[in-house]
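As a plain string of letters, each chain reads:
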Amino acid sequence: MESDGEEEAAAATPGTAGAAPAAGRLKGCPELSVEGDMREMAKTAAWSVSSCKPGNGVASLRDDSLDTYWQSDGAQPHLVNIQFQKKVQLQVSRRAAAAASARFGLDGWRVIFFFLLNLLFGGIQLVVLYVDFKLDESYTPSKISIRAGDGFHNLKEIKTVDLLKPVGWVHISLSGTDPRETFIHTFMLQIAVLANHLNGRDTHVRQIKIYGPRPNPVPHQPFHFTSRECIMYSTIR
Amino acid sequence: QHITSNQGSQTIQTTPGRAPRSLTPTQRCFRIRLVPIPHRSKIAPRKASNPNPPVAIQTRPPPASLSPPLLPPSARAARRRRRRLLLAGAARERRAMETLMVDRVHSSLRLFMNRNAVFLCERLCAQFPAETNVQLLATCYLHNNQPYASYHILKGKKLPESRYLFAISCFRMNLLREAEETLCPVNEPNVEVPSGATGHYLLGLIYRYTGRVAAAAEQFTQALTLDPLLWAAYEELCILGVAEDANECFTEATALRLQQEQTSTSNLEKSNFVNENRVLSPNVSASLVDISPKHIKQLPANNTAEVPGYPHLRATALHVQNTVPSNVGQFDSPSPTVTQTSGIVPPPLFRNLHAYQNTTSGDAPAKPKVNAVNQPPRRKYLDEARLKKVTGRLFNPSGDSVPRRSARLSRDTPINSNSNISQFGGNGSDHSSGSRYEAVDEMWTDNIAATSSSLSIAEGRYFEQDKAERTLSQDSKMATGIKELLGLLRTLGEGYRLSCLFKCQEALEIYRKLPEPQFNTGWVLCQVGKAYFELVDYLEADHFFEFAHRLSPCTLEGMDIYSTVLYHLNEEMRLSYLAQELISVDRLSPQAWCAVGNCFALRKDHETALKNFQRAVQLDSRVAYAHTLCGHEYSALEDYENSVKFYRCALQVDERHYNAWYGLGVVYLRQEKFEFAEHHFRRAFQINPRSSVLMCYLGMALHALKRDEDALEMMEKAIFSDKKNPLPKYQKALILVGLQKYQEALDELERLREIAPHESSMYALMGKIYKQLNILDKAVFCFGVALDLKPPAADLAIIKSAMEKVHLPDELMEDDDL
């Protein structure tokens, strides 16, 4: 886990391999290539933006079309908020809760909250944006910050990236330096456009996708099966 | 006259007054114009069995204009009588038209000219609105895949046949309630279910689809009692899981009963297809003559599927089979006589019968023998030559055959009428038993005039004697035939029953008892493959399914399971090839789309997979498996609400579809509703108690419910029942880790290593255990191996972090996942 975020992204996107390590800045790659063990996970999330021009609203970010775009209409920073919500009733076992409270000194709601964080998702691993410098020029973001938290009140910046005339899909890996924090377990993710190319004011983003690891096909099993023998027997269809 | 006869439930009686059967409808039509009718009706009063062709004895009647204007009263009375006769003659003419039309409709149906049949039959009904004709029209609509049309014209009809047809239409339109009310009206409990066994079968299906399992089973049983050879009913009973032992169902007693039915003259309903026939020809009495084209022509299209390339051949052959038992004497007796006396070319039908029995021997193993015995071998060559000629003609593009026929008509008819007349005046060997069996297709009609000579009337005596003798020998042959057929059904039924009860090992043993030609058929091989599939032996299942698919590439039934087998085996290329093939065979079959869906699911493109499965559901919502697959895909997309919905749909179709119970269990397990999960896994387990995977999942649910003792027991059971299955071993080790029995867990994992030596997750778990046991070097080693085996990204991070923290104290190390 010694590699930092940029290198991870570079490895995932061969197109950027040359530019990324040199300048520490991301370029896009024309194809959306994500490893098979990840899946898009923000379909059920609530999406909102800080501002938008009529007709170029938040829906354009998720319509799977590269011809439409979201355009902000206000002061920087421009924000995209993604709030995850799952209507899953959790039954946190009492024993596990007790163990957690003993270990971490948590109590009551905080225990439950602690479990919610870990049980809700496998975690967010990758944010992918589609931006196009050739089309959007000064509207193209140049500096993006990713923030995570439980809600608007306690967002924490977890990653900042610079873009250099990007065209295509820009992969932003959320892995930190700590191997335990490969995934961000969070209820809310905020993508903030801090600056644009050529000092542009408003911004254009054409698509945003959020990826996390697939859940284990065998429920509640700590590790995934890898060999054919095991996978063959692991489920019924 | 014709009206009264039409109102009865006997369709056959609409035909007796028709012209002699030696002629094609077109010829008959021609004759009718040639020969004045009043006289004919006197001379040949509706006696269909008249061996002499009435046509041949005709003389021209005095023209009506010749009678004097004034007559004495007696003469006037006579004239009135004559006028009445004339009227009757007109009626007869109408009759003839009706008969002709009916004939044409039937022949169109038989040759799959469905639209033509509909058109003609609509004309027929407009002219002669008898209920039998309406029934015929309904049949045409049903053949033409227009159940709504037949629904419309049959609504409110009371005859049993109409009711059956109406119910079929409702059923096809998915109006189950109405179909049910038609079959057994609510306020008239005494009304019998129409159409006997098939009626009961249909009612059973309705009950089944509306979820009344017990009532459905009762109906199927009743259908089976009425017709012991109704395989479909037994199959349904098996699917419902309530079938009684096949050995009791297809017993000697049944054989005896069948035999009695066979020998009693008034019965033709010995086999399934005849039963369906009965709808329109309920009392095909053994009236020796009326082996009319009607019988064949009423064969529903779906029964002719067995000989795909030769629909009409099959139709003829079927007809022959149908009629053999009750009229055996006639079929057999002429041939020796013919060869003895004259050595003339035999009448056409006999050749057909003989030549085609090969193609149909699969259906009625015993019957062909009957004929084969009596046929002199040398005739075979003749027959083959003729067959070639005929088939050559048959395979002409159908488009040009129609104009050709009409051309032929104008050419042939005069010759025919001439020949008939000359026959009358001449040697007197014109009409014969042979030409009575005018079941011959249009295709053969040109030759009839030339070849129809066979028996002379004088030989009728031998005919009778022969008949008696042959009926006797026939009986014993029939008996062995019935026994053989029942034996075959017994084996198949028992195998199918056991495999529906998921006693797959026993089922496999039974299937192996089948003779090779039967075993090597698509259906049986698919069943064998399915049995291995249920036993979670995918490699064997693949073997048999592949064989089945190679043998009969157009068999679609069971191919959904085959695609799932390939999915489990991770055979992406073969799976996509199979999917392509199935789509090209029939892109409207749910199985093909299931295969396509599985293909995408294997590539983790769950959205596309879901679309394909939904298409399968759309094509046939009564395929439980397609619903289940939809559920699986929703589950993979983490849309549990919808997945539960689809699993429930699957269970609505088939309550014993354990895959759906399992799917529900998995969803509840993920949602941490452990009681629910346990309940659903248990249901699945009760249905398929031999599946080690199901046992394992039940154990996992029990473990989640903290019933570790039960869980361990269940895992033991799973390990015992399938030694090759690594899942229960791994899960057992997990449970043991939870109970802090580390050494036992390690032992179990060692055993697991023997089956799956390259399993990353196993090494990762081992590493954790060594860490707990504080054997740190081994822990690091195990984590290292686990990393080498390419775990997915999610695991990679966990394992790496665990590895780095091996030397840290426990507190920071604790993993929340375990």
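Calculation notes
Residues numbered from 1 in each chain as written. Chains lettered and ligands numbered in written order. Predicted model: local features only at pLDDT ≥ 70, side-chain atom pairs only at ≥ 80, totals over all residues. Heavy atoms only, no water. UniProt positions renumbered as here; feature names shortened; annotations may be inferred. Helix = DSSP H or I, 4+ residues; strand = E, 2+ residues; numbered from the N terminus. Buried < 20%, exposed > 50% of the residue type's maximum accessible area, 1.4 Å probe, protein only. Areas by Shrake-Rupley, 256 points an atom, 1.4 Å probe, with all protein chains shown as cover. Salt bridge = Lys/Arg side-chain N within 4 Å of Asp/Glu carboxyl O. Pairing = 2+ DSSP bridges. Contact = heavy atoms within 4.5 Å. Polar contact = N/O pair within 3.5 Å; in protein donor to acceptor, adjacent residues only side chain to side chain. Buried area = accessible area lost by both parts, 1.4 Å probe. Core = buried A, V, L, I, M, F, W, Y, C linked by side-chain atoms within 4.5 Å. Axes fitted to C-alpha atoms, helices over the stretch in contact; angles between N-to-C directions. Parallel < 35°, antiparallel > 145°, perpendicular 65-115°, else oblique. Left-handed = near helix turned anticlockwise from the far one by under 90°. Expected span 1.5 Å × (residues − 1). pLDDT = per-residue confidence, 0-100. Nonpolar A, V, L, I, M, F, W, Y, C, P; charged D, E, K, R; others polar. Phe/Tyr/Trp six-rings, centres within 6.5 Å; stacked < 30°, edge-to-face > 60°. Lys NZ or Arg CZ within 6 Å of the ring centre and 35° of its normal.

- Per an unreviewed UniProt entry, chain B carries the name Cdc23 domain-containing protein and comes from Aegilops tauschii subsp. strangulata.
- Database annotation for chain B, UniProt heading Subcellular location (unreviewed entry): "Nucleus".
- In the Sequence similarities (unreviewed entry) part of its UniProt record, chain B is described as follows: "Belongs to the APC3/CDC27 family."

### With respect to the overall build of chain B
Inference 1: For chain B, the count of helices and strands is 46 helices and zero strands.
Inference 2: In chain B, buried positions account for 57% of the 818 residues.
Inference 3: Carbon and sulfur atoms provide 55% of the accessible area of chain B, an area that totals close to 35,500 Å².

### Here's the deal with the pattern of salt bridges
Inference 1: This structure, assessed with the given rule, holds 27 salt bridges over all chains.
Inference 2: For Asp-202 of chain A, the salt bridge identified is with Arg-201 of chain A, shortest N-O distance 3.8 Å.
Inference 3: Overall, Arg-201 of chain A belongs to the exposed group, its relative accessible area being 53%.
Inference 4: A salt bridge links Lys-530 of chain B to Glu-534 of chain B, with the shortest nitrogen-to-oxygen separation between them at 3.6 Å.

### Let's talk about the pairing of strand β12 (residues 207–213) of chain A
Successive residues of a regular strand alternate their side chains across the two faces of the sheet.
All names here are of chain A.
Inference 1: Taking burial as the measure, the seven residues of β12 include seven buried ones, the bulk of the element.
Inference 2: Bridge count for strand β2 (residues 38–40) against β12 is three bridges, and the pairing is antiparallel. Its bridge partner lying in β12, Met-38 is registered against Pro-213.
Inference 3: Pairing between strand β6 (residues 126–132) and β12: five bridges, direction antiparallel. Directly across from Leu-126, in β12, lies its bridge partner Tyr-211.

### Topic: the environment of Asn-598 of chain B
Inference 1: Position of Asn-598 of chain B among the secondary structure elements: in helix α33 (residues 590–602).
Inference 2: By relative accessible area, which is 0% here, Asn-598 of chain B ends up buried.
Inference 3: The spatial distance from the C-alpha of Asn-598 of chain B to the C-alpha of Leu-566 of chain B is 8.7 Å, given a sequence separation of 32 residues.
Inference 4: When neighbours within four sequence positions are excluded, Asn-598 of chain B is seen to be in contact with Arg-237 of chain A together with Asp-560, Ser-563, Thr-564, Tyr-567, Leu-575, Phe-613 and Leu-629 of chain B.
Inference 5: In this structure the side chain of Asn-598 of chain B is engaged in a polar contact, spanning 2.8 Å, whose partner is the side chain of Ser-563 of chain B.

### Section: the interface of chain B and chain A
Inference 1: Taken together, the contact pairs 72 residues of chain B with 41 residues of chain A.
Inference 2: In total, chain B and chain A occlude about 5,000 Å² of area from one another, counting both sides; carbon and sulfur atoms represent 56% of this.
Inference 3: Counting the surface chain B buries against chain A, the share from its top three residues, Glu-638, Arg-670 and Glu-672 of chain B, is 12%.
Inference 4: Our count for the contact surface shared by chain B and chain A stands at three salt bridges.
Inference 5: Lys-43 of chain A is paired through a salt bridge with Glu-607 of chain B; the nearest N and O atoms lie 2.8 Å apart.
Inference 6: At the junction of chain B and chain A, the tally comes to 18 residue pairs in polar contact (both at pLDDT 80 or more).
Inference 7: Top contributing element to the side of chain B that touches chain A by residue count: helix α45 (residues 793–804) of chain B, with nine residues.

### Description of the nonpolar core
For soluble globular proteins, the rule of thumb is that nonpolar side chains tend to be buried together.
Inference 1: Counting 193 residues, the largest nonpolar core has Tyr-234, Phe-681, Tyr-697, Tyr-730 and Leu-749 of chain B as the members making the most contacts within it.
Inference 2: Looking at this core element by element, the count peaks at 10 residues for helix α39 (residues 692–704) of chain B.
Inference 3: Beyond its immediate stretch of four places on either side in the chain, Phe-681 of chain B contacts Tyr-662, Gly-665, Val-666, Leu-669, Tyr-697, Leu-698 and Ala-701 of chain B.
Inference 4: Phe-84, Leu-163, Val-205 and Ile-210 of chain A belong to the second-largest nonpolar core, a separate cluster that totals 28 residues.

### Regarding the side chain of Asp-136 of chain A
Inference 1: Mapping Asp-136 of chain A onto the fold places it in helix α5 (residues 133–136).
Inference 2: Those residues within four positions of Asp-136 of chain A in sequence are excluded, and the remaining contacts are His-204 and Arg-206 of chain A.

### Section: the packing of helix α11 (residues 213–226) of chain B against helix α12 (residues 231–240) of chain B
All names here are of chain B.
Inference 1: One way to put it is that α11 packs onto α12 with a least axis distance of 9 Å and a crossing angle of 150°. It follows that α11 is roughly antiparallel to α12 by the angle criterion. Pair α11 / α12 crosses with left-handed handedness. Mapping the contact onto sequence places Val-213, Ala-216, Ala-217, Phe-220, Thr-221, Ala-223 and Leu-224 in α11 and Ala-233, Tyr-234, Glu-236, Leu-237 and Leu-240 in α12.

### Quick look at the sheet that holds strand β8 (residues 156–163) of chain A
Residues and elements named next belong to chain A.
Inference 1: The strand order across the open sheet formed by six strands is β1-β8-β7-β10-β5-β3, and the pairing between neighbours is mixed. Of all the strands in the sheet, just β1 (25–26) and β3 (46–49) have a single pairing partner and so form its edges.
Inference 2: In terms of strand pairing, strand β7 (residues 141–149) meets β8 through six bridges, oriented antiparallel. Across the sheet, Ile-146 pairs through a bridge with Lys-159, a residue of β8.

### Thoughts on the UniProt feature "repeat: TPR" (unreviewed entry) in chain B
Residues and elements named next belong to chain B.
Inference 1: This chain's UniProt record puts "repeat: TPR" (unreviewed entry) on residues 197–230, 590–623, 624–657, 658–691 and 760–793.
Inference 2: Along residues 658–691, the helical share is 79% and the strand share 0%, with 10 Å between the first and last C-alpha atoms.
Inference 3: Secondary structure content for residues 760–793 is 79% helix and 0% strand, and the end C-alpha separation is 12 Å.

### Some points on α45 of chain B
Inference 1: Relative to the 16 Å expected for 12 residues at 1.5 Å per residue, α45 of chain B spans 17 Å between its end C-alpha atoms, a close match to the ideal helical length.
Inference 2: Of all the residues in α45 of chain B, the buried ones are Ala-793, Ala-794, Asp-795, Ala-797, Ile-798, Ile-799, Ser-801 and Ala-802 of chain B.

### Some thoughts on the sheet that holds strand β9 (residues 167–173) of chain A
Residue and element names in this part refer to chain A.
Inference 1: Strand order in the open sheet formed by four strands is β2-β12-β6-β9, and the pairing between neighbours is antiparallel. Unpaired on one side and paired on the other, β2 and β9 mark the two borders of the sheet. For this sheet, the mean inter-axis angle between neighbouring strands, taken without regard to orientation, is 25°.
Inference 2: Bridge count for β6 against β9 is seven bridges, and the pairing is antiparallel.

### Some words on helix α7 (residues 147–154) of chain B
All names here are of chain B.
Inference 1: Those residues of α7 lying buried are Pro-147, Ala-149, Ser-150, Tyr-151 and Leu-154.
Inference 2: Where α7 is buried, its residues meet α6 (131–143), α8 (160–172) and α9 (176–183).
Inference 3: Just downstream of α7 lies Gly-156, where phi reads positive at about 85°.

### Overview of unusual backbone geometry
Inference 1: Following Gln-76 of chain A, the chain continues into Pro-77 of chain A via a peptide bond in cis, with omega recorded as -5°.
Inference 2: Relative to the helices and strands, Pro-77 of chain A resides in the loop between β4 (70–71) and β5 (78–83).
Inference 3: The phi dihedral of Glu-137 of chain A falls on the positive side, at around 45°, and the residue is not glycine.
Inference 4: Its place among the elements puts Glu-137 of chain A in the loop between α5 and β7.
Inference 5: Despite not being glycine, Asn-174 of chain B shows a phi value in the positive range, around 65°.
Inference 6: Among the secondary structure elements, Asn-174 of chain B is positioned in the loop between α8 and α9.

### Notes on the confidence of the model for chain A
All names here are of chain A.
Inference 1: On average, residues of chain A carry a pLDDT of 76, and 70% of them reach 70 or more.
Inference 2: Segment residues 87–95 is flagged for pLDDT under 50; beyond a separation of four residues in sequence, or across chains, it makes seven contacts in the model.
Inference 3: The low-confidence segment residues 114–122, where pLDDT is below 50, has 29 contacts with residues more than four positions distant or belonging to other chains.

### Some words on the packing of α33 of chain B against helix α34 (residues 606–619) of chain B
Residue and element names in this part refer to chain B.
Inference 1: In the contact formed by α33 and α34, the axes pass within 8 Å of each other and the chain directions differ by 170°. As judged from the angle between their axes, α33 and α34 are roughly antiparallel. In contact with Pro-590, Trp-593, Cys-594, Val-596, Gly-597, Asn-598, Phe-600 and Ala-601 of α33, α34 contributes His-606, Thr-608, Ala-609, Asn-612, Phe-613, Arg-615, Ala-616 and Leu-619.
Inference 2: A per-class count over the contact of α33 with α34 returns 10 nonpolar, five polar and one charged.

### With respect to the packing of aromatic side chains
Inference 1: Scanning all chains against the criterion turns up 20 aromatic pairs over all chains.
Inference 2: A centroid spacing of 6.4 Å and a plane angle of 85° characterise the contact between Phe-519 of chain B and Phe-544 of chain B, whose relative ring orientation is edge-to-face. Highlighted residues: Phe-519 of chain B in helix α28 (residues 516–519) and Phe-544 of chain B in helix α30 (residues 538–551), separated in sequence by 25 residues. Both residues of the pair, Phe-519 of chain B and Phe-544 of chain B, count as buried.
Inference 3: Clustering of aromatic rings is evident, with ring pairs tying together Trp-231, Tyr-234, Phe-250, Tyr-496 and Trp-523 of chain B.
Inference 4: Over the ring of Tyr-567 of chain B we find Arg-237 of chain A, and its NZ or CZ is 4.2 Å from the ring centre.
Inference 5: We note Arg-123 of chain B situated over the ring of Phe-119 of chain B; from NZ or CZ to the ring centre the distance is 4.6 Å.

### A short note on the environment of Leu-488 of chain B
Inference 1: Along the chain, the position of Leu-488 of chain B falls in helix α26 (residues 460–500).
Inference 2: Separated by 26 residues in sequence, Leu-488 of chain B and Leu-514 of chain B place their C-alpha atoms 7.8 Å apart.

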